[in-house]
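# Structural overview for review
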Amino acid sequence: MPEVTSSYQPGTPCWVDLAAPDQQGAIDFYSGVFGWTGEIGPAETGGYSVCELHGKPVAGIMAAMAMGGQPPPPTVWTTYLASADADTTAQAVGDAGGTVLMPVMDVMTLGRMAIAADPTGAVFGIWQPVDFPGAGLVNEPGALIWNELNTTERSVASAFYQAVFGIESVPVEGADHYYALHVDGRPVGGMQPMSEQMPPDTPSHWLPYFSVADTDATVHKVTAAGGAALQQPFDMMAGRMAVVTDPQGAAFAVIHPQPTAQG
């Protein structure tokens, strides 16, 4: 069911954003595919764009810029996990064998964030909300519905997220090697070993899923706008899905969920 959200339990995926070399191009692409509205933000926010659907924030898009002598970030979607205390979470990341890539920082009065990687190399964000809890709309066509960790070492990743966020990994009945990620007994995401269909050099990563009304039609929109299909539409237990990339190479999944599937 569509869900308007105002808070997230720690450990729950609460936001996604994209760093793109061509920010306006990315905004235009996702607006065309999902019906989002967004514009390049003011200079004091680094131009960060909070894209909306039905007047609610659903995702962020920013320009991929080199900072501190480092190369620009890769063109990927980043999943943010909610935290009650970003500093404590960042400390726990290191203690559990992960790496803090961008230290905890204030984002105006919106919240506190950090970027980290788990021990298998999957990059994720940490978000401690203040004025901004995260996505205000989920589980509706055009909005986030699922976040999935594809990992090279499932047992290592499982232990890490349990230690840092209290996330439990629960085998999904009828889905070989697929695990639901539970927060307080509620499924909030998934985890699976790296697929053999992925290129052999693909690193561990979090993949966002966006709900759509028609998977095949959405893939057609993606490819017509210059994107590509990594996995053509196919039926699986949660619905009809596909994995695609935008014209700048960022991967994401789209799914028309079964009526009983929940994000």
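Up top is the structure.
Calculation criteria
Residues numbered from 1 in each chain as written. Predicted model: local features only at pLDDT ≥ 70, side-chain atom pairs only at ≥ 80, totals over all residues. Heavy atoms only, no water. Helix = DSSP H or I, 4+ residues; strand = E, 2+ residues; numbered from the N terminus. Rg over C-alpha atoms; globule rule 2.2 N^0.38 Å. Buried < 20%, exposed > 50% of the residue type's maximum accessible area, 1.4 Å probe, protein only. Contact = heavy atoms within 4.5 Å. Areas by Shrake-Rupley, 256 points an atom, 1.4 Å probe, with all protein chains shown as cover. Lys, Arg positive; Asp, Glu negative; His and termini not counted. Charge placed at Lys NZ, Arg CZ, Asp CG, Glu CD. Pairing = 2+ DSSP bridges. Axes fitted to C-alpha atoms, helices over the stretch in contact; angles between N-to-C directions. Parallel < 35°, antiparallel > 145°, perpendicular 65-115°, else oblique. Left-handed = near helix turned anticlockwise from the far one by under 90°. Nonpolar A, V, L, I, M, F, W, Y, C, P; charged D, E, K, R; others polar. Core = buried A, V, L, I, M, F, W, Y, C linked by side-chain atoms within 4.5 Å. Polar contact = N/O pair within 3.5 Å; in protein donor to acceptor, adjacent residues only side chain to side chain. Expected span 1.5 Å × (residues − 1). Arc of directions from axis to C-beta.

## Considering the overall build of the protein chain
The secondary structure content of the protein chain amounts to 4 helices and 17 strands. Over its C-alpha atoms the protein chain spans a radius of gyration of 17 Å, differing by no more than 12% from the 18 Å that the globule rule assigns to 263 residues. Summarising its shape, the C-alpha atoms of the protein chain cover approximately 45 × 45 × 35 Å along the three principal directions. In the protein chain, which comprises 263 residues, the share counted as buried stands at 48%. The contacts in the protein chain between residues at least 6 apart in sequence include a share of 60% that link residues at least 24 apart. Within the structure as shown, the protein chain displays about 12,100 Å² of accessible surface, and the carbon and sulfur contribution to it stands at 56%. Separation between the mean location of the 6 positive side-chain charges and that of the 26 negative ones in the protein chain comes to 6 Å.

## Details of the sheet that holds strand S14 (residues 205-211)
Strands belonging to one sheet form pairs held by backbone hydrogen bonds; the direction of such a pair is parallel or antiparallel. Across the sheet, which stays open at both edges, the 8 strands sit in the order S11-S12-S13-S10-S14-S17-S16-S15 with mixed pairing between neighbours. Only two strands of the sheet have a single partner each, and these edge strands are strand S11 (168-171) and strand S15 (228-236). Across the sheet, the axes of successive neighbouring strands diverge by a mean angle of 30°, strand direction being ignored. Sheet strands in contact with helix H3 (residues 154-165) are strand S10 (144-151), S11, strand S12 (179-183), strand S13 (186-193) and S14, and its direction is about 125° off that of S10.

## So, the sheet that holds strand S7 (residues 111-117)
Strand order in this open sheet of 7 strands is S3-S4-S2-S5-S8-S7-S6, and the pairing throughout is mixed. Unpaired on one side and paired on the other, strand S3 (49-53) and strand S6 (99-107) mark the two borders of the sheet. If you compare each strand with its neighbour and ignore which way they point, the axes differ by 25° on average. The strands touched by helix H1 (residues 23-34) are strand S2 (13-20), S3, strand S4 (56-63) and strand S5 (77-82); relative to S4, the strand with the most contacts, the crossing angle is about 150°.

## Focus on the packing of helix H2 (residues 86-95) against H3
Between H2 and H3, the shortest axis-to-axis distance is 9 Å and the interhelical angle comes to 150°. If you check the angle between H2 and H3, you find them roughly antiparallel. Considering how the two elements wind past one another, H2 and H3 form a crossing that is right-handed. Contacts between H2 and H3 involve Thr89, Ala92 and Val93 on the former and, on the latter, Phe160, Val164 and Phe165. Partitioning the contact of H2 with H3 into residue classes produces 5 nonpolar, 1 polar and no charged.

## Some points on the nonpolar core
Most often, soluble globular proteins have nonpolar side chains that are buried together. One finds Tyr30, Phe34, Trp36, Trp77 and Phe252 to be the most contacted residues of the largest nonpolar core, which totals 28 residues. Sorting the residues of this core by element identifies S2, H1, S3, S4, helix H4 (215-224), strand S16 (239-245) and strand S17 (251-257) as the ones contributing at least two each. Residue contributions to this core peak at 6 residues, all from H1. Counting residues in each nonpolar core, the second largest holds 22 residues, with Phe124, Ala157, Phe160 and Trp206 among its members.

## Here we look at the side chain of Gln192
Note that Gln192 resides in strand S13. Within polar-contact distance, the side chain of Gln192 engages the side chain of Glu148 at 3.2 Å. Setting aside residues up to four positions removed in sequence, Gln192 forms contacts with Glu148, Leu149, Asn150, Thr151, His177 and Tyr178.

## Some remarks on the pairing of S10
Here S10 lies mainly inside the structure; 8 of its 8 residues are buried. For S10 and S14, the ladder comprises 6 bridges, and the chain directions are antiparallel. Bridge pairing in S14 links Asn150 to His205. Where S10 and S13 come together, 4 bridges link them in parallel fashion. Along S13, the bridge assignment pairs Glu148 with Gly190.

## Points about H3
With 12 residues, H3 ought to run about 16 Å at 1.5 Å a step, and its terminal C-alpha atoms sit 16 Å apart, in line with that. Gly166 lies just past H3 and shows a positive phi near 75°.

## Focus: H4
For H4, the full list of buried residues reads Thr215, Thr218, Val219 and Val222. Projected down its long axis, H4 carries its buried residues within an arc of 100°, all on one side. Exposed side of H4, more than 90 degrees from the buried face: His220 and Ala224 are the residues found there. Against the buried residues of H4 lie H1, S15, S16 and S17. The N-cap of H4, judged by a side-chain oxygen 3.1 Å from the amide nitrogen of Asp216 a few residues on, is Asp214.

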